[in-house]
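Observations on the model geometry
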Amino acid sequence: MFRNITVRHSAATTVANAYRLVTKHDMRILIINEVLGWSSTGKIAGDLAKQYEAQGWEAKVAYGRSGYVPEAYQKYGIRIGNDPDVRINALKARLFDNEGLNAKGATRRFLKWAEEYNPDLLWLHNLHGYYINYELLFDWIKSRPQMEVKWTLHDCWAFTGHCVHFTMVKCTQWQSHCGYSKCPQSNRYPKSILWSNAKENFKRKREAFTGVRNLTIVTPSHWLEGLVKQSFLQEYPVEVHHNTINTDVFKPTPSDFRRRYGLEDKIVILGVANAWDDRKGLQDFCRLATMLDDRYAIVLVGLTQKQIK
């Protein structure tokens with residue numbers, strides 16, 4: 001039904017390849033993500049809606065977390081639940097390690113609207129974030145075998161029993177069954193403070209996320225593609241859509257940065273993150289700084305004031 005077209009990316013984040021209608025008009029896309037119009041995935045979701053709209057589609061983005069939605073994206077927004085819902089869901093996840101299994105009322109109300117909206121294409125992004133019940137969502141998806149479904153994975157949460165990333169702790173339980181030994185990251189997002197429910201989470205995710213008739217996984221890298229093919233999601237085709245930037249905005253420009261910071265004669269090693277922690281490599285940079293001589297200077301963007309001190 002669809003074929004790829006080439007588009008110009010309009011934001012400084014990933015916008016997966018848009019699709020153009022070949023034989024039918026008045027198509028509808030529904031995008032689901034944790035946020036809309038801000039943060040990396042929120043911009044991706046919003047820009048994806050804009051691209052489809054430019055091709056003649058009706059586009060909506062369902063999101064769960066609050067935060068300022070820029071005016072350019074507000075017309076696409078459909079809120080799932082509200083702020084009190086998110087706080088209650090987060091508390092339940094902290095107590096019972098069951099992220100994605102709460103929010104039943106908000107999810108049912110949203111799915112009633114979604115059934116009336118009747119999308120031709122459903123594009124999932126982050127389903128974690130304390131706003132939606134993935135079992136109810138995937139039951140609805142499986143009841144609509146005619147609907148095309150794409151799911152962009154921005155992390156590994158979809159195929160683990162708890163965590164969003166496991167590389168730092170070198171955990172491989174997700175390849176067979178999380179929870180056969182103690183989860184090494186139960187104290188990391190989505191953090192649990194009482195116990196780990198990784199074994200049950202893994203089982204329920206596998207049951208919910210497999211068996212969708214018309215689903216394609218999208219990853220931003222071949223690295224993540226390889227992980228997906230080792231997981232219980234391996235039954236699905238995987239497309240790699242690399243992250244891109246808007247080169248009209250992000251391009252070489254005149255700057256006095258080196259002069260201001262005394263870096264004229266230095267070899268600059270640049271690190272950028274929206275939030276720095278050990279998982280993002282902060283301690284690696286600290287260790288690297290002790291290993292390099294004074295020909296080098298490490299510049300980190302995104303540190304908090306506390307981290308800078």
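Every value quoted in this text rests on a predicted model; they were computed, and no experiment measured them. Sequence positions are assigned chain by chain, starting from 1 and proceeding in written order. Per-residue local features are limited, in this predicted model, to residues with pLDDT of at least 70; the limit for side-chain atom pairs, both in listing and counting, is 80 or more; totals at the level of whole chains, interfaces and linings are taken over all residues. Hydrogen atoms and water are omitted, and side-chain values are computed over all heavy atoms in the structure.

Let us now look at the environment of Asp-256. Helix and strand definitions follow DSSP, with helices as H or I runs of at least four residues and strands as E runs of at least two, each counted in order from the N terminus. Along the chain, the position of Asp-256 falls in the loop between β9 (238–240) and α8 (257–260). When the C-alpha atoms of Asp-256 and Cys-156 are compared, they prove to be 40 Å apart, with 100 residues separating the residues in sequence.

All axes here are fitted lines through C-alpha atoms, helices being fitted over the stretch that makes contact, and every angle between N-to-C directions spans 0 to 180 degrees. Running from amino to carboxyl end, helix α4 (residues 104–117) crosses helix α5 (residues 134–142) at an angle of 25°, the nearest separation of the two axes being 9 Å. Viewed along their axes, α4 and α5 adopt a mutual orientation that is roughly parallel. Classified by chirality, the crossing of α5 by α4 is right-handed. Of the residues in α5, those touching α4 at Lys-104, Thr-107, Arg-108, Leu-111, Ala-114 and Glu-115 are Leu-136, Leu-137 and Trp-140. Each residue is assigned to one of three groups, with Ala, Val, Leu, Ile, Met, Phe, Trp, Tyr, Cys and Pro labelled nonpolar, Asp, Glu, Lys and Arg labelled charged, and all others, Gly among them, labelled polar. The class makeup of the residues in the contact of α4 with α5 is 5 nonpolar, 1 polar and 3 charged. Comment on the angle field: the value is read as roughly parallel under 35 degrees, roughly antiparallel over 145, roughly perpendicular from 65 to 115, and oblique elsewhere. Here is the rule for handedness: rotate from the far helix to the near one, and if that takes an anticlockwise turn smaller than a right angle the crossing is left-handed, while a clockwise turn gives right-handed. Two residues form a contact once any of their heavy atoms are found within 4.5 Å.

Glancing now at the nonpolar core. We call a set of buried residues a nonpolar core when its members are Ala, Val, Leu, Ile, Met, Phe, Trp, Tyr or Cys and they connect through side-chain atoms within 4.5 Å of each other. Between buried and exposed lies partly exposed: a residue is buried under 20% and exposed over 50% of the maximum accessible area for its type, with that area taken using a 1.4 Å probe on protein chains only. Counting residues in each nonpolar core, the largest one holds 50 residues, and the members touching the most others are Ile-32, Phe-138 and Phe-159. Among the secondary structure elements, those contributing two or more residues to this core are β3 (28–33), α4, β6 (121–124), α5, β7 (148–152), α6 (198–209), β8 (215–219) and α7 (222–228). Counting residues in hydrophobic clusters, the runner-up holds 18 residues, among them Tyr-52, Val-61, Tyr-63 and Val-69.

A separate point is the pattern of salt bridges. Proximity of charged atoms lets side chains of opposite charge pair with each other. We count a salt bridge whenever a side-chain nitrogen from Lys or Arg sits within 4 Å of a carboxyl oxygen from Asp or Glu. All told, the structure shown has 14 salt bridges when counted by the stated rule. Residue Arg-144 pairs with Glu-115 through a salt bridge whose shortest N-O separation is 3.4 Å. Note that Arg-144 is positioned in the loop between α5 and β7 and Glu-115 in helix α4, a separation of 29 residues in sequence. In this structure Arg-144 comes out as buried when scored by relative accessible area, which is 4%. Counted as one network, the salt bridges with shared partners bring together Glu-148, Lys-150 and Glu-239.

The terminal C-alpha atoms of helix α3 (residues 83–96), which comprises 14 residues, lie 20 Å apart, in line with the 20 Å expected from a rise of 1.5 Å per residue. By the burial criterion, the buried members of α3 are Val-86, Asn-89, Ala-90 and Ala-93. One side of α3 holds all its buried residues, which, seen down the axis, span an arc of 100°. The exposed residues of α3 that point more than 90 degrees off its buried face are Arg-87 and Leu-91. Close packing links the buried residues of α3 with β5 (77–79). Think of a polar contact as two N or O atoms within 3.5 Å of one another; within protein, one of them needs to be a possible hydrogen donor and the other a possible acceptor, and neighboring residues in sequence only count if both atoms come from side chains. Two to three positions downstream of the cap, the backbone nitrogen of Asp-85 sits 2.9 Å from a side-chain oxygen, assigning the N-cap of α3 to Asn-82. Where α3 ends, the next residue or the one after it, Asp-97, has phi of about 50°, a positive value. Expected span of a helix: the number of residues minus one, times 1.5 Å. The arc in question is traced by the directions running from the helix axis to the C-beta atoms.

With that settled, consider the packing of aromatic side chains. By convention, a stacked pair of Phe, Tyr or Trp rings (six-membered ring in the case of Trp) has centres within 6.5 Å and planes under 30 degrees apart, an edge-to-face pair has planes over 60 apart, and any other such pair is tilted. What the rule picks out here adds up to 18 aromatic pairs. Between Tyr-134 and Phe-209 the ring centres are 5.0 Å apart and the planes differ by 55°, which places this aromatic pair in the tilted class. Of this pair, Tyr-134 sits in helix α5 while Phe-209 sits in helix α6, and the two are 75 residues apart along the sequence. A relative accessible area of 1% means that Tyr-134 is categorised as buried. Measuring from centroid to centroid gives 4.8 Å for Phe-138 and Phe-209, while their planes differ by 55°, and the two rings are tilted. Linking Phe-138 in helix α5 with Phe-209 in helix α6, this pair joins segments that are 71 residues apart in sequence. Neither Phe-138 nor Phe-209 differs from the other in exposure class; each is buried. Criterion for a charge above a ring: Lys NZ or Arg CZ within 6 Å of the ring centre, and within 35 degrees of the ring normal. For the cation-ring pair, Lys-205 lies above Trp-157, with the distance from its terminal atom to the ring centre recorded as 3.7 Å.

Moving on: a nonpolar patch on the surface. Distance thresholds for patches are 9 Å for like charges and 5 Å for nonpolar side chains (Val, Leu, Ile, Met, Phe, Trp, Tyr), applied to residues having over 30% relative accessible area and no salt bridge. We get accessible surface area from the Shrake-Rupley algorithm with a probe of 1.4 Å; when it comes to residues, only the shown protein chains can shield them. A surface patch of nonpolar side chains, amounting to about 420 Å² of accessible area, comprises Phe-96, Ile-193, Leu-194 and Trp-195. Locating Leu-194 in the fold gives a position in the loop between β7 and α6.

Geometric descriptors of this kind do not, in isolation, establish any biological role.
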